[in-house]
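Per-entry structural report
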Amino acid sequence: MRCLLLGMIALGMLFFACVWEARAQALPYERPVETAPSQDAIGGGYAVPDVQKPPPRRQWLQVLDLILLALALAASVWIVISKRSRRWAQALTVACLAYFGFYREGCICPVGSIQNVALALVEPRYSIPIVVTLSFFLPLVVALFYGRAFCGGVCALGAIQELVVWKPVTVPRRLDAALGLLKYAYLGLAIWVAVRPALAREFLICRFDPFVSFFRLDGFLHMMLIGAGFLVVGMFVGRPYCRYLCPYGGLLNWCTRLARRGVTITPDKELDCGLCTEACPYGAIEKMRAVRRDCLYCARCYASCPRQQAATELVSISNVGGPR
Ligand code: SF4
Ligand code: SF4
């Protein structure tokens, strides 16, 4: 019954995305602003400079990105839920950071697409490519069933922070919970500013993305300093942007509450030794159980679990033909 409900919600999200896209595409294009004065009208030998536009990414490459996103999400679920391997999770993190982060320069980005989707909802003349709409919904649909697989190394913003965690401290519960509310305030503010009239509109999430200037090896100095600040803090406080500011993390958090599957720290029965709680840098283990809405799919707790290690050793012994 629950699966049916989740399936219906997921299908509803995808159906809504397609219908909305079709509706927006059907509207005739109207130029929203006055054209600038022409070269002749200005006179005095003025020459309009050449407009430099980056060519749009080819359609099939956009579809390829979407397919790669779907495959990475499937890999994240498989690695964390079935394979239960920290090492493979790290490999996925590095691969996704290399492709979605440095090669694709922070695009494709469901985090920033919140603003596009919100604007498309209130402004029928604002059209977004179906690939962007689907990339927004896909991680949310996966979260409805399996938890935050997107945060487990697929998201470039999360991946770059994941790799710098060094000596994480435990943030006191109350402070952690209070700081966690910031992301909802940021989500509300970002949507409000994104749907304002054109001249007052701003895409805050993209403008203040702390890591995109690293991915593009270009950007404002102040944003690079902010990004570097997040990474330095992230060495001691696990993934600060993810836990306290990411607006998409807030949406994933909600979707994950419906999920039936997610990280279960031991492969079979619990030992309740507490080693996993110390290993989790994100404060996502309460009473020695992973809290699905906060779990960032890093698989560190498996690596610290004696029962998981025993199970892994058993598998490797049986793979080489049993104990000698
Ligand atoms: S919380 Fe946000 S930034 Fe962090 S991994 Fe998840 S979606 Fe990406
Ligand atoms: S419970 Fe913590 S350590 Fe385990 S996978 Fe989730 S975030 Fe990582």
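All values derive from a computational prediction rather than experimental measurement.

With that settled, the discussion passes to the site of ligand 2. Every residue near ligand 2 is listed here: Val 263, Cys 280, Tyr 282, Ala 284, Ile 285, Ala 290, Cys 295, Leu 296, Cys 298, Ala 299, Arg 300 and Cys 301. Residues of the shell around ligand 2, tallied by class, amount to eleven nonpolar, no polar and one charged.

Attention now moves to the site of ligand 1. The environment of ligand 1 is formed by 14 residues, the closest being Arg 148, Cys 151, Cys 155, Cys 242 and Cys 246. Of all the elements in the fold, those that place two or more residues in the shell around ligand 1 are helix H7 (156–162), helix H13 (240–244) and helix H14 (247–256). For the shell around ligand 1, the leading source of residues is H14, giving three residues.

With that settled, consider the packing of helix H6 (residues 130–146) against H14. Where H6 contacts H14, the axes come no closer than 7 Å and their chain directions differ by 35°. The two elements H6 and H14 cross, and the hand of that crossing is right-handed. Here Ser 135, Phe 136, Pro 139, Leu 140, Ala 143 and Leu 144 of H6 lie close against H14, whose contacting residues are Tyr 248, Leu 251, Leu 252, Cys 255 and Thr 256. Here the residues of the contact of H6 with H14 sort into nine nonpolar, two polar and no charged.

Attention shifts here to a nonpolar patch on the surface. A contiguous nonpolar patch, built from Trp 166, Val 169, Val 232 and Phe 236 and spanning about 400 Å² of accessible area, is present on the exposed surface. Looking at the element boundaries, Phe 236 is found in the loop between helix H12 (221–234) and H13.

This part is about the pattern of salt bridges. A full pass over the atoms with the stated rule returns nine salt bridges. Where Asp 65 meets Arg 104, a salt bridge forms, and the shortest distance between an N and an O atom there is 2.7 Å. Placement of Asp 65 in helix H3 (residues 59–83) and of Arg 104 in the loop between helix H4 (86–103) and helix H5 (110–122) is noted, with a sequence separation of 39 residues between them. Assessed through its relative accessible area of 14%, Arg 104 is described here as buried. Here Arg 239 and Glu 162 are joined by a salt bridge, their closest N and O atoms 2.9 Å apart. Residue Arg 239 is found in the loop between H12 and H13, and its partner Glu 162 is found in helix H7; the two are separated by 77 residues along the sequence. Its relative accessible area of 5% is what places Glu 162 among the buried residues.

Conventions and cut-offs
- Residues numbered from 1 in each chain as written.
- Chains lettered and ligands numbered in written order.
- Predicted model: local features only at pLDDT ≥ 70, side-chain atom pairs only at ≥ 80, totals over all residues.
- Heavy atoms only, no water.
- Near = heavy atom within 4 Å.
- Nonpolar A, V, L, I, M, F, W, Y, C, P; charged D, E, K, R; others polar.
- Helix = DSSP H or I, 4+ residues; strand = E, 2+ residues; numbered from the N terminus.
- Axes fitted to C-alpha atoms, helices over the stretch in contact; angles between N-to-C directions.
- Left-handed = near helix turned anticlockwise from the far one by under 90°.
- Contact = heavy atoms within 4.5 Å.
- Patch = residues over 30% accessible without salt bridge, like charges linked within 9 Å, V, L, I, M, F, W, Y side chains within 5 Å.
- Areas by Shrake-Rupley, 256 points an atom, 1.4 Å probe, with all protein chains shown as cover.
- Salt bridge = Lys/Arg side-chain N within 4 Å of Asp/Glu carboxyl O.
- Buried < 20%, exposed > 50% of the residue type's maximum accessible area, 1.4 Å probe, protein only.

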